[in-house]
Amino acid sequence: MAIELTESAARHVERELSKRGRGAGLRVGTKKSGCTGFAYVVDYADNISANDHVYESHGVKVIVSPKSLVYLDGTELDFTREGLNEGFKFNN
């Protein structure tokens, strides 16, 4: 399986990487949150490590560490705007 971006998410990432003037792609991961679970982590990656898993979706590289892949495999990442709020939405 893989991690996929919707077209909306891919366009957003491309715009942000262009504004930054650098970047290898979008790094997606998980981190321990509270005592009962995990939280999603999204950041722009400048480097890709040898052990990272790299997927390409709509021309954008999605970079995931092996530790996070078990939780994210098969996820679709969308970018939504609702009123004044905007952000990534994980569909898994």
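Above this text sits the structure in question.
Before going into details, it helps to say that this report is about the structure given with it.

The rules behind each value
Every chain's residues receive numbers from 1 upward, in the order its sequence appears when written. The predicted origin of the model limits local features to residues at a pLDDT of at least 70 and limits the giving and counting of side-chain atom pairs to 80 or more, whereas totals for whole chains, interfaces and linings rest on all residues. Hydrogens and water are ignored here; the side-chain numbers use all heavy atoms of the structure. If DSSP finds at least two bridges between two strands, the strands pair. Helix numbers and strand numbers start at the N terminus; a helix is a DSSP run of H or I with at least 4 residues, a strand a run of E with at least 2. Whether two residues are in contact is decided by their heavy atoms, any of which lying within 4.5 Å being enough. To qualify as a nonpolar core, a set must consist of buried Ala, Val, Leu, Ile, Met, Phe, Trp, Tyr and Cys residues joined through side-chain atoms within 4.5 Å. Each residue gets one of three labels from its accessible area relative to the maximum for its type: buried under 20%, exposed over 50%, partly exposed in between, using a 1.4 Å probe on protein chains only.

The pairing of strands in a sheet comes from backbone hydrogen bonds and takes either a parallel or an antiparallel form. Strand order in the open sheet made by the three strands is β1-β6-β7, with mixed pairing throughout. Each edge of the sheet is formed by a strand with only one pairing partner; in this case those strands are β1 (4–5) and β7 (85–91). Taken together, the seven bridges between strand β6 (residues 76–82) and β7 define a ladder with antiparallel strand orientation. Paired with F79 across the two strands is F88, which belongs to β7.

It is worth spelling out the side chain of S68 at this point. In this fold, S68 is placed in helix α2 (residues 66–72). Dropping the residues within four chain positions of it, S68 is found in contact with G29 and T30.

Moving on: the nonpolar core. Within soluble globular proteins, side chains that are nonpolar tend to cluster in buried spots. One finds I3, L5, L26, V28 and V62 to be the most contacted residues of the largest nonpolar core, which totals 18 residues. Elements with a minimum of two residues in this core: α1 (7–20), β2 (25–33), β5 (60–64), α2 and β6. Counting residues per element, this core draws most heavily on α1, which supplies four residues. Each residue touching L5, except ones within four places of it in the same chain, is listed here: A10, L26, S57, H58, V60, V62 and L77.

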